[in-house]
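Each chain, written out:
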Amino acid sequence: MAQSLELLLIQFLMPDNDARRQAEEQIKRLAKDPQVIPALVHHLRTAKTPNVRQLSAVLLRKKITGHWAKLSPQLRQLVKQSLIESITMEHSPLVRRASANVVSIIAKYAVPAGEWPDLLPFLFQCSQSQQEDHREVALILFSSLTETIGNTFRPHFADLQSLLLKCLQDETSNRFHLVTRAVGSFLEFTYDGAEVVKFREFIPSILNVSRQCLASGEEDVAVIAFEIFDELIESPAPLLGESVRSIVQFSLEVCSNPNLESNTRHQAIQIISWLAKYKSISLKKHKLIIPILQVMCPLLAESTSGEEDDDLAPDRAAAEVIDTMALNLSKYVFPPVLEFASLSSQNINPKYREAAATALGVVSEGCSDLMKGKLEPVLHIILGALKDQEQMVRGAASFALGQFAEHLQPEIVSHYQSVLPCILNALEDASDEVKEKSYYALAAFCENMGEEILPFLDPLMGRLLAALQNSPRNLQETCMSAIGSVAAASEQAFIPYAERVLELMKVFMVLTNDEDLCARARATELVGITAMSVGRLRMEPILPPFLEAAIAGFGLEFSELREYTHGFFSNVAEILDEGFAQYLPHVVPLVFASCNLDDGSAVDIAESDADENNNGFGGVSSDDEAHDEPRVRNISIRTGVLDEKAAATQAIGLFALHTKSSYAPYLEESLRILVRHSGYFHEDVRLQAVIALKHILTAAQAVFQGHNEGPAKTKEVFDTVINIYIKTMTEDDDKEVVAQACMGTADIIKEFGYTAIEPYTSQLVEATLMLLKEESACQQAESDSDIDDDDAEHDEVLMDAVSDLLPAFAKSMGSHFAPIFSKLFEPLMRFTRSSRPPQDRTMVVACLAEVAMDMGSPIAGYIDTVIPLVLKELASSEATNRRNAAFCVGELCKNGGETALKYYGELLRGLYPLFGESEPDDAVRDNAAGAVARMIMVHPETIPLNQVLPVFLKVLPLKEDHEESMAVYSCICNLVLSSNPQILSLVPELVNLFAEVVVSPIETAETKSQVGRAFSHLLSLYGHQMDPILGRLPPAHASALALFAPKS
């Protein structure tokens, strides 16, 4: 075999593809025989050319696992001996490395079995050798062996660390890349205290060596160093320690050096990005935020050559770092970024003006709260940049505006009068790039507008419809997206434009060329949005051709089109409601098919001998690390399919919700898919599954209603859903997914009542407790430091959802919630510390108010703790805080009994300013009125009505929060009906108020009839004395009052 194999190895290395393929086939056949091992060992030691020797080693590594057990002890010894000789005597570094990799594979089996006792002594002997080549062998072996038998080295780690440290400090060595790699291989086995401290000693030496190598042009060592730093950051052990500062300084030196390779600089920027993501507290602690931004912001202005890989471009990578820092350290990032943007927006260099706009755009998500408070200066910079003479600056400004529209809601919409005309102008820009970004900005901006859009509707639609017919495909796509946002914002006002839009969409929805399918997808989406705006009556008769085109699109094998079509089906289901049932047999199989797609996320594992259908020896002569024996190489995700799965999962839920009992044939399979997707690897799909599970439960109730086994079958679905929600709350690592599970749980508790959730109460309470203590999987902070309270930011997505669970329990359990609430109270109150953000405190206050409302009298036990907080919140600078505090005062007084009574004086003094001219917010004033009304109703005798009522009546009728109507108007009517002398001194004010209430289109019939009865009582008391007062009312008001006043 040996002779024929040598010829085949030589033939395999030929440039002729046919010869290579023939050799490959024959080598595969020979490789099935265990005798291939001694033959390959022979060529490894004797072949004349290094390429053949290296190829022999690579093939040995691939085949040794399958044949090792079949070799005789003598042959095994020969293989081991030959490999050691190859490593020590071989001149070619590539062959030595390839041989070391084979040793690593054999060691995995031989060392634990005690079959290679002299391997470790040999390794130590090499490492102590005077010859640098031998020391190199030790380093190569060490790196390889840690991958397979790392734990075997643990007793020797102290010696090895000293040895490696010595190698790193050896300035005569030219093997630094090997030493650095060997140090890196330690990381996986370093986890306890002493080892961690010892490992930190490597970092100064690694930095020193990396700087030396960079100075002499050996950038590969720095790249290995960055790989080590990357693993240090991700390691669960606190390996960084105080070295964060020096790693950041080195990384900043590298990324700001334009003479280095783009890949090296990118690795350095990436380290800063990972630190910002995983060790943000360390960056703050070591005062590194400003130094990082002082390098990153100017990098945004760095010009890149056209040939450079876009993903490695420093300006792009720097933008990612700034974005990550903004998300994790917003209050420290925004001021320096705004300062940079203010100065750079005036710079003569257009790259700096572009950087100013880009910087503000990328921080707008993370720093949204701070930016909302500085919108005037920020918009001044961006709207100025939108008029810049340079296209690149205008492009960056339109990108930033799109980001603002997405992340600075709702505040940004209040600036529509200055923003929308600027976007309209930008739609006429000479540059297609600026136009495209402006359509994106317009789409994002309009999405959250309501009737404010109406004055702009005609000019907007004029430009958009013209552009849709006269633009290249990419612009048509973003243009359709913008029309969709305009349609959603303008609702019924969009009807005059709908027919024209739908006619145009028919053209797009039958395109079949590959390059047109993105446009077809956008058109399909736009028809769905238009349908939502114009409503069922207008859409139902004209839907069939659109549905046919949408279904036909599934034959085109284009994931994005399928994704948008699922969204279209969801919209149609929403407007047709149960009328959508006729389409279920056509669309549900398509949705299921997308849900069951192979999403390409399979782990890609290196070849094993069991797999004879492998792709041969591609690239074997390079001995790249990617060919190392069974190791996960990468995880590839086809994101298009992932988005499609998320859209299909969402569609399942909406079909079930809207078609209810008609969904029966698909219920079982849908539940099976949703259960699977609730544990999916990507959070977008899990999120949609968690939302859809609640809809499936709603459908199950309708499906099984009236069945003999109905209650049992519904309970089966109920149990499945609630178990998934509990698991998600504690174990899922994505906050948005957990928040949806909390919201779903709260809805279920309220809808199904305590009896249904009773078996799960203790698990639900434990999950809620874990979330309030911030100990669930999605709340794990970075490992090397606790978050300071000063840095805590309000977790709007998650904690608002968690705090909704407590009122849900209270609503379903009433006063029986008291023992559970006693466990949850302290963890909830942690969010009210003065160091916490104001949104945390108002979240707690709102939660307490709702709990008090439904739990009732047991709230009295918490009054003394809560009232001081509420009094503070009444004086907050935030309107939401004052509003919730006022609401809470009312509920505490209503339900707090005698305990609350002693605080009435203080509470009235705290509420008084909310009735004055200085209170700018109507909703705050309405809630203050609600609080006073509840206080009067519970203890009228303790309220100085002669002082309170004139102030109280002056702020009525309610302007914004009509949920307070029942409390406010019941209080007034009860006082009137009981002929309270204090209120009867205010008859003119009462009549005017009653007239306003009965003509209000918002107030309920119940409230109006209550007011009518009180007015009737006044008439019975005062008769014709009322005529002058009634005469001063507008005729419509007087007539309305008469209508509601019951005839005696």
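In this text, all values refer to a predicted model and were calculated from it rather than measured experimentally. (Residues numbered from 1 in each chain as written. Predicted model: local features only at pLDDT ≥ 70, side-chain atom pairs only at ≥ 80, totals over all residues. Heavy atoms only, no water.)

Visitor: Tell me about the overall build of the chain, and please be specific about residues and values.
Guide: Each helix and strand counted, the chain has 55 helices and two strands in total. Burial status across the chain gives 55% buried among its 1048 residues. Once local pairs closer than 6 in sequence are excluded, the contacts in the chain between residues at least 24 apart make up 73%. (Helix = DSSP H or I, 4+ residues; strand = E, 2+ residues; numbered from the N terminus. Buried < 20%, exposed > 50% of the residue type's maximum accessible area, 1.4 Å probe, protein only. Contact = heavy atoms within 4.5 Å.)

Visitor: Tell me about the pattern of salt bridges, and please be specific about residues and values.
Guide: Enumeration according to the criterion identifies 33 salt bridges in this entry. Note that Glu774 is salt-bridged to Arg830, the shortest N-O span being 3.3 Å. Highlighted residues: Glu774 in the loop between helix 39 (761-772) and helix 40 (796-803) and Arg830 in the loop between helix 42 (818-829) and helix 43 (838-855), separated in sequence by 56 residues. For Glu774, a relative accessible area of 29% puts it in the partly exposed group. (Salt bridge = Lys/Arg side-chain N within 4 Å of Asp/Glu carboxyl O.)

Visitor: Could you give an account of the side chain of Arg353, naming the residues involved and the relevant values?
Guide: Among the structural elements, Arg353 can be located in helix 20 (residues 350-363). For Arg353, the side chain forms a polar contact with the main-chain oxygen of Asn347, separated by 3.0 Å. Sequence-distant contacts of Arg353, that is, excluding residues within four places in its chain, are made with Ser344, Ser345, Asn347, Ile348, Asp388, Glu390 and Val393. (Polar contact = N/O pair within 3.5 Å; in protein donor to acceptor, adjacent residues only side chain to side chain.)

Visitor: Give a description of helix 44 (residues 863-874) that names residues and reports values.
Guide: Owing to its 3.6 residues per turn, the α-helix aligns residues three or four sequence positions apart on the same side. Taking 1.5 Å per residue as the helical rise, helix 44 with its twelve residues ought to reach 16 Å, and the 16 Å between its terminal C-alpha atoms agrees with that figure. All of the buried residues along helix 44 are Ile863, Val866, Ile867, Leu869, Val870, Glu873 and Leu874. Turning to helix 44, the residues buried within the fold contact helix 42, helix 43, helix 45 (879-895), helix 46 (897-901) and helix 47 (904-911). (Expected span 1.5 Å × (residues − 1).)

Visitor: Tell me about the packing of aromatic side chains, and name the residues and values.
Guide: Counting across every chain of the model gives 15 aromatic pairs. The interplanar angle of 45 degrees and the centroid separation of 6.0 Å between the aromatic rings of Phe494 and Tyr497 together place this pair among those described as tilted. Here the aromatic cluster, defined as three or more aromatic residues joined through ring pairs, consists of Phe809, Phe817, Phe821, Phe825 and Tyr862. The ring of Phe12 is capped by Arg20, whose NZ or CZ atom sits 4.3 Å from the centre of that ring. Positioned over the ring face of Phe831 is Arg830, at 5.8 Å from the centre of the ring. (Phe/Tyr/Trp six-rings, centres within 6.5 Å; stacked < 30°, edge-to-face > 60°. Lys NZ or Arg CZ within 6 Å of the ring centre and 35° of its normal.)

Visitor: Before we move on, can you summarise the side chain of Gln1010 with the specific residues and values?
Guide: Mapping Gln1010 onto the fold places it in helix 53 (residues 1005-1022). With relative accessibility at 12%, the residue Gln1010 sits in the buried group. In this view, Gln1010 contacts Met966, Tyr969, Ser970 and Cys973; residues no more than four positions away in its chain are not counted.

Visitor: Explain the packing of helix 52 (residues 987-999) against helix 55 (residues 1035-1044) residue by residue, including any values.
Guide: Where helix 52 meets helix 55, the axes come as close as 9 Å, and the angle between the chain directions of the two elements is 85 degrees. Considering their axes alone, helix 52 and helix 55 lie roughly perpendicular with respect to each other. Across from Val991, Phe994, Ala995, Glu996, Val998 and Val999 in helix 52, the residues of helix 55 making contact are Ala1036, His1037, Ala1040, Leu1041 and Phe1044. Of the residues belonging to the contact of helix 52 with helix 55, the class tally is nine nonpolar, one polar and one charged. (Axes fitted to C-alpha atoms, helices over the stretch in contact; angles between N-to-C directions. Parallel < 35°, antiparallel > 145°, perpendicular 65-115°, else oblique. Nonpolar A, V, L, I, M, F, W, Y, C, P; charged D, E, K, R; others polar.)

Visitor: How would you explain the environment of Phe809 if you had to name every residue and give the values?
Guide: Along the chain, Phe809 turns up in helix 41 (residues 805-813). Residues Phe809 and Val851, 42 residues apart in the sequence, show an inter-C-alpha distance of 8.4 Å. With residues near it in sequence (within four places) discarded, Phe809 still touches Ile749, Ile757, Leu764, Val765, Thr768, Gly814 and Phe817.

Visitor: Can you break down the confidence of the model for the chain residue by residue, with the values?
Guide: Detail in the predicted coordinates should be disregarded across regions flagged by low pLDDT. Put simply, the chain has an average pLDDT of 84, and 84% of its residues get 70 or more. Considering only residues more than four positions removed or in separate chains, one finds that residues 601-638, a stretch of pLDDT under 50, has 79 contacts. Every residue in residues 782-787 is under pLDDT 50, and counting partners more than four places away or in other chains gives 15 contacts. (pLDDT = per-residue confidence, 0-100.)

Visitor: Quick rundown of the packing of helix 23 (residues 391-407) against helix 25 (residues 432-447)? Include the residues and the values.
Guide: Running from N to C, helix 23 and helix 25 point in directions that differ by 15 degrees, and their axes come no closer than 8 Å. In terms of axis orientation, helix 23 runs roughly parallel to helix 25. Helix-helix and strand crossings are classified by hand; for helix 23 and helix 25 the assignment is left-handed. For the pair helix 23 and helix 25, contact is made by Gln391, Arg394, Gly395, Ser398, Phe399, Leu401, Gly402, Gln403, Ala405 and Glu406 and by Glu433, Val434, Lys437, Ser438, Tyr440, Ala441, Ala444 and Phe445, respectively. (Left-handed = near helix turned anticlockwise from the far one by under 90°.)

Visitor: Break down the environment of Pro421 for me, citing the residues and quoting the values.
Guide: Secondary-structure assignment places Pro421 in helix 24 (residues 416-426). Overall, the relative accessible area of 30% leaves Pro421 in the partly exposed class. Ignoring any residue separated from it by four or fewer positions in sequence, one finds Pro421 in contact with Tyr416 and Phe456.

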